[in-house]
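Spelled out, the chains give:
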Amino acid sequence: MHFLDQAKIFIRSGAGGPGAVAFRREKYVEYGGPNGGNGGKGGDIIFEAVPGLNTLIDFRYKQHFKAPRGGGGAGSNRTGAGGEDLVIKVPIGTQVLDDDQETVLADMTEPGQRVVLLEGGIGGRGNASYKTSTNRAPRQHQPGMPAEEMYVWLRLKLLADAGLVGLPNAGKSTFINQISNTKAKVGDYAFTTLRPQLGVVAHRNREFVLADIPGLIAGAADGAGIGDRFLGHIERCRVLIHLIDINGTDPAEALQVIEEELEAYGNGLEDKPRLIALNKIDTVDAELVKAFTAELKAAGAKRVFPISGASGKGMGKLLDAVIGHLPAATATERPDGEREEADDKPWSPI
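Just so we're clear, the structure is a prediction, and the values are computed from it rather than from any experiment.

## Some words on the sheet that holds strand β13 (residues 206-212)
Piece 1. Judged by pairing direction, the sheet is mixed, and its six strands sit side by side in the order β12-β13-β11-β14-β15-β16 without closing on themselves. Sheet topology places β12 (197-203) and β16 (304-306) at the edges, where each strand pairs with a single neighbour. Looking at each pair of strands side by side, their axes are set apart by 30° on average, direction ignored.
Piece 2. Here β12 runs beside β13; their pairing, made up of seven bridges, is antiparallel. Counterpart to Gly199 in the pairing with β13 is Leu210.

This is how it looks when you write it as structure tokens:
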């Protein structure tokens, strides 16, 4: 399945149906009079967050969504049929933005969440509703309220509890493959990962979702490399894991590059707690690991976790630290929604 995290679509609600102009003409009925019914209401445009979707690829092939209009009124005071609501299903984590791509109209973060973005037009009044003691045979009616329409942008921000960041070739794909069931592509060249990857991690009877995004380089905020467009997928994470390749660039410099890019991107990423992981320690001796750990702490890292994504060495302590930043129950552990505080009775699917 192709991954698409942005799409522009056109939406239009249904117009209200027109009211009717009609009069009674029944045999043996002494008095006639107006009996034109009201028009029906137009359909609404509704966005619904559904589980099981993790891409907006469907909106590449269909960009126009129009709800049906309401039916017209009829004689015998019959009201026109209402237009059926149009429900647009999107992945959980999708934001609906105005055409300026800045104003957030809806943020779909809960399974089953529904938002009525455009309401259908109200049906017009038929001539029966205009009858008064002085206007016994009205012929006026209303055409129904017009439809509402607009262009909106859909932007998907994947829901994950923890996120992986780092320079290209820092070993992020190997890391997520080691601790989850993800089968991310691994290669000995930069930008092996071209789209975000999600994996479910199980550790100490806990489960959480880990997101891996393409590597960042200096100047990513200005469009260098793949740029920073995928950083939006870790905006909702509670903690970030910064992987640093012990064989790559100077670790302190690598730390500084990522810190600067997160700060340049903003949106709260610069304030998220970060766990610094010195990766690929299985390829060097213990003295070098100790020296680089000290160098990273001198550069501002509060705690450094020496690990090996290939062998799994040191992973336990790092994952323990990740769990320390998670709520009492994640959304993976509780399908009906995460829980911040622990309760007396642990959750069980039985």
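## A look at the environment of Asn35
Piece 1. The residue Asn35 is located in the loop between β3 (33-34) and β4 (45-50) in this model.
Piece 2. Exposure remark for Asn35: the relative accessible area of 7% places this residue in the buried category.
Piece 3. Between the alpha carbons of Asn35 and Ser129 there is a distance of 8.3 Å; along the sequence they are 94 residues apart.
Piece 4. Residue contacts for Asn35: discarding those within four places in its chain leaves Ala22, Phe23, Arg24, Ala74, Gly75, Ser76, Asn77, Asn127 and Ala128.
Piece 5. Polar contacts involving the side chain of Asn35 include one to the main-chain amide nitrogen of Phe23, which spans 3.4 Å.

## Some points on the pattern of salt bridges
Piece 1. Enumeration over the complete set of coordinates arrives at ten salt bridges.
Piece 2. Two residues, Arg24 and Glu26, come together in a salt bridge whose shortest N-O distance is 3.1 Å.
Piece 3. Owing to a relative accessible area of 34%, Arg24 belongs among the partly exposed residues under this scheme.
Piece 4. Overall, the relative accessible area of 46% leaves Glu26 in the partly exposed class.
Piece 5. Across the pair Glu235 and Lys157 runs a salt bridge, and its minimum N-O distance is 2.6 Å. Separated by 78 residues along the polypeptide, Glu235 in the loop between β13 and β14 (239-245) and Lys157 in the loop between β10 (149-156) and β11 (162-166) bring together distant segments of the chain.
Piece 6. Take Glu235: its relative accessible area is 14%, and that puts it in the buried class.

Thresholds applied
- Residues numbered from 1 in each chain as written.
- Predicted model: local features only at pLDDT ≥ 70, side-chain atom pairs only at ≥ 80, totals over all residues.
- Heavy atoms only, no water.
- Pairing = 2+ DSSP bridges.
- Helix = DSSP H or I, 4+ residues; strand = E, 2+ residues; numbered from the N terminus.
- Axes fitted to C-alpha atoms, helices over the stretch in contact; angles between N-to-C directions.
- Buried < 20%, exposed > 50% of the residue type's maximum accessible area, 1.4 Å probe, protein only.
- Contact = heavy atoms within 4.5 Å.
- Polar contact = N/O pair within 3.5 Å; in protein donor to acceptor, adjacent residues only side chain to side chain.
- Salt bridge = Lys/Arg side-chain N within 4 Å of Asp/Glu carboxyl O.

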